[in-house]
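In case you want the letters, here they are:
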Amino acid sequence: MRPLTLFTGQWTDLPLAELAPLAKRMGYDGLELACGGDHFHVQRALKEPGYAAGQRALLAEHGLQVFAIGNHLIGQAVCDLIDSRHQAILPAHVWGDGEPEGVRQRAAAELADTARAARLLGVQRVTGFTGSSIWHAAYAFPPTSQAYWDAGFEDFARRFTPILDVFAEQDVNFALEVHPTEIAFDIATSERAVAALDGHPRFGFNFDPSHLAYQGVDYVRFIRQFGPRIFHVHMKDVWWGRGDGTVGTFGGNTSFGDPRRGWDFRSVGRGMIDFESIIVALNDVGYAGPLSVEWEDSRMDRVHGATESAAYCRRLDFPPAHGAFDAAFSKGMAG
């Protein structure tokens, strides 16, 4: 059975010493540590001997493991067109004076350092975002040429290839969470991102069906198409085709949880994702890594939701077969 973990990005208001025993009580085997709150600090890991081992030991005290760290907020700033919103999600040493290119370069350096910190922690996966210089042009008006989009993927490759080379040096994989606002947000753009990097072996995906389904993207096909590049999996649910008909796929400038919305994230098992088919496909492609619950449901108490999500995933997961189910018949007949 795959380890069941909880991504701590939505829990950084709680100290890790408080979250760890809570996560164990909620039914998790480990945590996917976010680089936020006091959960995991990249620069402390690099500068303070024993810091990374101490974070791992804290988890071990509560019977928890760690298989991945997430640095989504830093990754977002590597390729983005920087604006005032980024200041709220970036540490001061990355934001600096806010000059956009300087922010992007400091974010790239911090993401490379995240690979070094991950190795010190003893994990081989960093989940995260990339940002995108062309997301604002996703809806193609004014008319957008392929050359314009090509330039965006070239910018992504120019910025991320040196980062991924550091990941390679550290024997760590970078797992992009395919997601609107990133360079890859569906299957077609994921193909294009891999091609832009010339198939860099350290670039892969943090599979999260909730960001694909409401777009109409075949999320099970995503698994089968990118199997060897699926480095990590988020279990997160979503529903779509809801609301009052006034807000569609683009969100209508509403907040999550607004009853008018046509789609919204839900607690695992409460939405419309076919998780059974996901588990089958993950087995088919040989994915043996963690299933990490990213709990986001604006309508539900988070402890209740994360607890029931753990139980749901525990019941759902199953190991792959070790042989054909009818092999026994052949053996029996042979005698």
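Before reading on, note that the structure itself is shown above.
On a predicted model such as this, the values are computed, not experimentally measured, just so you know.

Cut-offs used in this document
- Residues numbered from 1 in each chain as written.
- Predicted model: local features only at pLDDT ≥ 70, side-chain atom pairs only at ≥ 80, totals over all residues.
- Heavy atoms only, no water.
- Salt bridge = Lys/Arg side-chain N within 4 Å of Asp/Glu carboxyl O.
- Buried < 20%, exposed > 50% of the residue type's maximum accessible area, 1.4 Å probe, protein only.
- Helix = DSSP H or I, 4+ residues; strand = E, 2+ residues; numbered from the N terminus.
- Core = buried A, V, L, I, M, F, W, Y, C linked by side-chain atoms within 4.5 Å.
- Contact = heavy atoms within 4.5 Å.
- Axes fitted to C-alpha atoms, helices over the stretch in contact; angles between N-to-C directions.
- Parallel < 35°, antiparallel > 145°, perpendicular 65-115°, else oblique.
- Nonpolar A, V, L, I, M, F, W, Y, C, P; charged D, E, K, R; others polar.
- Phe/Tyr/Trp six-rings, centres within 6.5 Å; stacked < 30°, edge-to-face > 60°.
- Lys NZ or Arg CZ within 6 Å of the ring centre and 35° of its normal.

Caption draft 1: Representation of the pattern of salt bridges. The final tally for this structure, using the stated rule, is 22 salt bridges. One salt bridge in this structure joins aspartate 83 and arginine 85, with 2.9 Å as the shortest N-O distance. Exposure remark for aspartate 83: the relative accessible area of 28% places this residue in the partly exposed category. One salt-bridge network, held together by shared partners, links Glu101, Arg104, Asp155, Arg158 and Arg159.

Caption draft 2: Structural detail: unusual backbone geometry. Residues phenylalanine 141 and proline 142 are joined by a peptide bond in cis, for which omega reads 0 degrees. Summarising the element assignment, proline 142 is placed in the loop between strand 4 (125–128) and helix 8 (146–169). A positive phi angle is found at aspartate 171, which is not glycine, with a value near 60 degrees. Within the fold, aspartate 171 resides in the loop between helix 8 and strand 5 (173–176). Positioned with a positive phi, aspartate 198 is a non-glycine residue whose angle comes to about 55 degrees. Here aspartate 198 is to be found in the loop between helix 9 (187–196) and strand 6 (203–207).

Caption draft 3: Region of the structure containing the nonpolar core. The biggest cluster of nonpolar side chains holds 97 residues, and the ones touching the most others in it are Phe160 and Phe203. In contact with phenylalanine 203, other than residues within four places in its own chain, are Phe156, Leu164, Phe174, Leu176, Ala193, Val194, Leu197, Arg229 and Phe231.

Caption draft 4: View of the packing of helix 11 (residues 219–226) against helix 12 (residues 275–285). Following both chains from N to C, one finds helix 11 and helix 12 inclined at 5 degrees, their axes separated by 9 Å at the closest point. Here helix 11 is positioned roughly parallel relative to helix 12, judged by the angle of their axes. Only Ser277, Ile278, Val280, Ala281, Leu282, Asp284 and Val285 of helix 12 make contact with helix 11, whose side of the interface consists of Tyr219, Val220, Ile223 and Arg224. Here the residues of the contact of helix 11 with helix 12 sort into eight nonpolar, one polar and two charged.

Caption draft 5: Region of interest: the packing of aromatic side chains. Under the defined criterion, the tally for this structure stands at 18 aromatic pairs. Ring centres of phenylalanine 275 and tyrosine 312 lie 6.1 Å apart, and the angle between their planes is 75 degrees; this geometry places the pair in the edge-to-face category. One end of the pair, phenylalanine 275, is in helix 12; the other, tyrosine 312, is in helix 13 (residues 302–316), and 37 residues separate them in sequence. Note on phenylalanine 275: relative accessible area 1%, which makes it buried. By way of ring pairs, the aromatic residues Phe156, Phe160, Phe167, Phe174, Phe203, Phe205, Phe207, Phe222 and Phe226 are connected into one cluster. In this structure, lysine 236 packs its charged tip against the face of phenylalanine 265, placed 3.9 Å from the ring centre. Between arginine 261 and the ring centre of tryptophan 263, over which it is positioned, the NZ or CZ distance is 4.6 Å.

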